[in-house]
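Overview (structure and organization)
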Amino acid sequence: MPARLQTMYDTRPCILLDLSQTGAQIGLREPLKKGADVILLFKDIDQFGTVVRCAESQEGSINGINFETPLSKEDVLQIRRYTDYYEAHTIRDLKGEARAWVSGAKR
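Quick notes on the rules
Residues numbered from 1 in each chain as written. Predicted model: local features only at pLDDT ≥ 70, side-chain atom pairs only at ≥ 80, totals over all residues. Heavy atoms only, no water. Helix = DSSP H or I, 4+ residues; strand = E, 2+ residues; numbered from the N terminus. Buried < 20%, exposed > 50% of the residue type's maximum accessible area, 1.4 Å probe, protein only. Areas by Shrake-Rupley, 256 points an atom, 1.4 Å probe, with all protein chains shown as cover. Core = buried A, V, L, I, M, F, W, Y, C linked by side-chain atoms within 4.5 Å. Contact = heavy atoms within 4.5 Å. Patch = residues over 30% accessible without salt bridge, like charges linked within 9 Å, V, L, I, M, F, W, Y side chains within 5 Å. Salt bridge = Lys/Arg side-chain N within 4 Å of Asp/Glu carboxyl O. Pairing = 2+ DSSP bridges. pLDDT = per-residue confidence, 0-100. Axes fitted to C-alpha atoms, helices over the stretch in contact; angles between N-to-C directions.

1. Concerning the overall build of the protein chain
What the protein chain contains, in helices and strands, is one helix and six strands. Counting from the amino terminus, the protein chain carries its helices and strands in the arrangement β-β-β-β-β-β-α. Per-residue burial over the protein chain gives 31% buried out of 107 residues. About 7700 Å² of surface is accessible on the protein chain, with carbon and sulfur atoms providing 51% of the total.

2. Some words on the nonpolar core
By size, the foremost hydrophobic cluster in this structure holds 20 residues, and its most contacted members are L5, C14, L16, L19, I26, L40 and F67. Looking at this core, the elements that each hand over two or more residues are β1 (2–6), β2 (11–19), β3 (23–28), β4 (37–42), β5 (45–57), β6 (60–67) and α1 (73–103). Leaving out residues up to four positions away in the same chain, I26 has contacts with L5, C14, I15, L16, L17, L40, S61, I62, N63 and I65.

3. Comments concerning a nonpolar patch on the surface
A surface patch of nonpolar side chains, about 240 Å² in accessible area, is lined by I15, L17 and I62. Tracing the chain through its elements places I62 in strand β6. With a relative accessible area of 35%, I62 lands in the partly exposed category.

4. Concerning the pairing of β2
Bridge count for β1 against β2 is five bridges, and the pairing is antiparallel. Note that in β2 the partner of Q6 across the bridge is T11. Bridge count for β2 against β3 is four bridges, and the pairing is antiparallel. Looking at the pairing, L19 lines up with A24 of β3. Counting the residues that bridge the hairpin from β2 to β3 gives three residues.

5. Considerations on the confidence of the model for the protein chain
Low pLDDT means the predicted atomic positions in that stretch should not be read closely. Looking at the protein chain, pLDDT values average 85 and 87% of them are 70 or higher. Element-level pLDDT for the protein chain is lowest in α1, with a mean of 74, against a maximum mean of 94 in β4.

6. Section: the sheet that holds β4
Pairing is antiparallel in the closed barrel, where six strands are placed in the order β1-β2-β3-β6-β5-β4. Strand-to-strand twist of the sheet, defined as the mean angle between neighbouring strand axes without regard to direction, takes the value 45°. Where β3 lies against β6, six bridges are found, and the strand directions are antiparallel. Note on β6: the bridge partner recorded for Q25 is G64.

Shown next as structure tokens:
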């Protein structure tokens, strides 16, 4: 899921890959330093945390964040439900675009 990550210096787009009550795994173009303080911004949630893991690859980086205070179980479930809806909605839109392109309705 697309999200934003606020650091001391900037706010950057990220991908929320995994979420639990105590932390998150996010994908970024540029890695963060272990120990960096961040705020994960997603929907109505602004969650403060610290980077505890960072793995780099040619495509970007995967960063693990440990939250200062855990999210409620309800918040995690709400985000997961939203994620399911978002994925289904995105796939439906992409299929519609592909059908329109194949039929020549859109260029």
